[in-house]
Amino acid sequence: MKRTIIITGGAGFIGSHVVRLFVNKYPEYKIINLDKLTYAGNLANLKDIEDKPNYRFVKMDICDFEGVYKLMQDEHVDGIIHLAAESHVDRSIKDPFTFAQTNVMGTLSLLQAAKLYWESLPEKWEGKRFYHISTDEVYGALEMTNPEGIEPPFTTKASSGKHHMAYGSKFFTEDLKYQPHSPYSAAKASSDHFVRAFHDTYGMPTVVTNCSNNYGPYQFPEKLIPLFINNIRHRKPLPVYGKGENVRDWLYVEDHARAIDLIFHEGKVAETYNIGGFNEWKNIDIIKVLINTVDRILGRPEGADMDLITYVTDRAGHDMRYAIDSTKLQKELGWEPSLQFEEGIEKTVRWYLDNQEWMDNVTSGDYQKYYDDMYKNR
Ligand code: NAD
Ligand code: TYD
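My aim in this report is to walk through the structure given alongside it, one point at a time. All figures in this text were calculated on a predicted structure; none of them were measured in a lab.

## Describing the pairing of strand E10 (residues 238-241)
So, point 1. Every second residue of E10 is oriented toward a common face, the buried set being Leu238 and Val240 and the non-buried set Pro239 and Tyr241.
So, point 2. Sheet topology places E10 next to strand E14 (residues 309-312); four bridges connect them, and they run parallel. When the sheet's bridge partners are listed, tyrosine 241 is paired in E14 with valine 312.

Dropping the structure here:
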């Protein structure tokens, strides 16, 4: 079946993996990457697919309602996979307005453009889909509980019946109430509500997913894992917030992209699915793994760089623990993460060390010239 899909935020970290997967896997689809190219957008992330005949890049702000509406009409768009967002919690603490503008108003602009265009067609909503990518951070923070006196992490059983390590007995499930704490998660929560409202009010075929922290190639080095790999390589201090005790649930980015593919095609309309790999880690433990892995690969004595760890003032409102229960997705659609964390981290560290040019272009700002060099005169 032919389809024309807009993927927003396709020049960013997760978006670039989703664009690559769809362009390669579905040559019969037309994939339009709609991205404003903020500081977080890097077209070099898509070098390997930019000349494929089923791929088109459009530099556009999702807040540009007229532009999005016209693009949908011109291209006969029948699906939207919406990833464009401001995504970094620390930036949201300094500049909440930009987060409300892009994450809330931008999402509303896309929804309204899609509504007007799809409602104008004879078949209306049939064969259409608006897929909104959200985050587990909308649920707020979980406690580090300590049942029966056992020190976390302890082995526990998720509702899937599988055993895994956890830092608490509660998990984020789809029916949990939203309790966002940061301006980032508050803006994402608001956008999720708008998406549901467009289903409930107008009947738009929507689907929402809330995923845990992603890691892997092409992540902007303001986020923990790429920032620290680069700092260890260059023997620069590693700023650990607070005591490094906060827990995050990590998923390899390609596993997230596979889940998005599955849910875009087979997820039920108006449903929410949580995506995560039951993989909780304390920040400080991940940081030690990163130091040992970088040191080993670079031939340094393992652990030689432990003294780079520098405890700094904690992030304001720092959420203690995130932990996703993805049983619904696993049971209903049969998705499973493909990589163990140890393999994923090894792959990721090797990728950043092997792609120093990519990293240097990002840290120097040169990556922002890529659009002018490659696209301006096309
Ligand atoms: P990112 O910051 O790496 O990329 C965001 C992309 O959106 C960039 O290419 C940027 O240019 C683009 N963009 C920003 N504002 C725009 C606008 N106004 N118009 C058009 N494009 C714009 O983000 P990411 O980490 O890849 O996250 C992608 C999505 O997944 C976000 O919606 C985020 O909330 C969600 N998410 C991220 C994670 C994670 O761990 N990174 C986890 C769960 C959910
Ligand atoms: P981050 O990658 O920013 O993702 P998020 O805040 O969305 O979870 O941060 C992951 C964890 O690492 C989080 O608990 C904050 C912590 N952190 C540091 O300790 N130091 C840093 O320099 C950064 C960027 C994050």
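## A closer look at empty space enclosed by the protein
So, point 1. Taken as a whole, this structure holds two cavities of 30 Å³ or more when the rule is applied.
So, point 2. In this structure, the largest cavity occupies an estimated 50 Å³ of space.
So, point 3. Around the largest cavity sit Val89, Glu137, Ser182, Arg248, Arg315, Ala316, Gly317, His318, Asp319 and Tyr322, which together line it.
So, point 4. Counted by class, the lining of the largest cavity contains three nonpolar, three polar and four charged residues.
So, point 5. What the second largest cavity holds in volume is close to 30 Å³.
So, point 6. Every residue along the wall of the second largest cavity is listed here: Ile229, Asn230, Arg233, Tyr352, Leu353, Gln356 and Met359.
So, point 7. Secondary structure elements with two or more residues in the lining of the second largest cavity: helix H6 (224-233), helix H10 (341-354) and helix H11 (356-364).
So, point 8. At three residues, the largest contribution of residues to the lining of the second largest cavity is made by H6.
So, point 9. Among the residues making up the lining of the second largest cavity, the classes are represented as four nonpolar, two polar and one charged.

## What about the pattern of salt bridges?
Side-chain pairing between opposite charges can occur once the charged atoms of the two side chains come close.
So, point 1. Going through the model one piece at a time under the given rule, you end up with 23 salt bridges.
So, point 2. The salt bridge partner of glutamate 245 is lysine 282, with a shortest N-O separation of 3.2 Å. On the criterion of sequence distance, the pair formed by glutamate 245 in the loop between E10 and strand E11 (247-252) and lysine 282 in strand E13 (residues 280-282) is long-range, its members being 37 residues apart.
So, point 3. Under the relative-accessibility criterion, lysine 282 is labelled buried at 16%.
So, point 4. For the salt bridge of arginine 300 with aspartate 295, the shortest nitrogen-to-oxygen distance reads 3.7 Å.
So, point 5. What you see here is one network of salt bridges that share partners, running through Arg235, Asp295, Arg300 and Asp305.

## Here's the deal with the packing of H6 against H11
So, point 1. For the pair H6 and H11, interaxial distance at closest approach is 12 Å and the crossing angle is 105°. Regarding the angle of H6 to H11, the classification is roughly perpendicular. Of H11, the residues touching H6 (which contributes Pro226, Asn230 and Arg233) are Gln356, Met359 and Thr363.
So, point 2. Class assignment of the residues belonging to the contact of H6 with H11 gives a composition of two nonpolar, three polar and one charged.

Criteria and cut-off values
- Residues numbered from 1 in each chain as written.
- Chains lettered and ligands numbered in written order.
- Predicted model: local features only at pLDDT ≥ 70, side-chain atom pairs only at ≥ 80, totals over all residues.
- Heavy atoms only, no water.
- Buried < 20%, exposed > 50% of the residue type's maximum accessible area, 1.4 Å probe, protein only.
- Helix = DSSP H or I, 4+ residues; strand = E, 2+ residues; numbered from the N terminus.
- Pairing = 2+ DSSP bridges.
- 1 Å grid on protein atoms, 1.4 Å probe; cavity = no way out; pocket = protein on both sides within 12 Å on 5 of 7 lines; lining within 4 Å.
- Points joined across faces, edges and corners; volume = space filled by probe spheres on them.
- Nonpolar A, V, L, I, M, F, W, Y, C, P; charged D, E, K, R; others polar.
- Salt bridge = Lys/Arg side-chain N within 4 Å of Asp/Glu carboxyl O.
- Axes fitted to C-alpha atoms, helices over the stretch in contact; angles between N-to-C directions.
- Parallel < 35°, antiparallel > 145°, perpendicular 65-115°, else oblique.
- Contact = heavy atoms within 4.5 Å.

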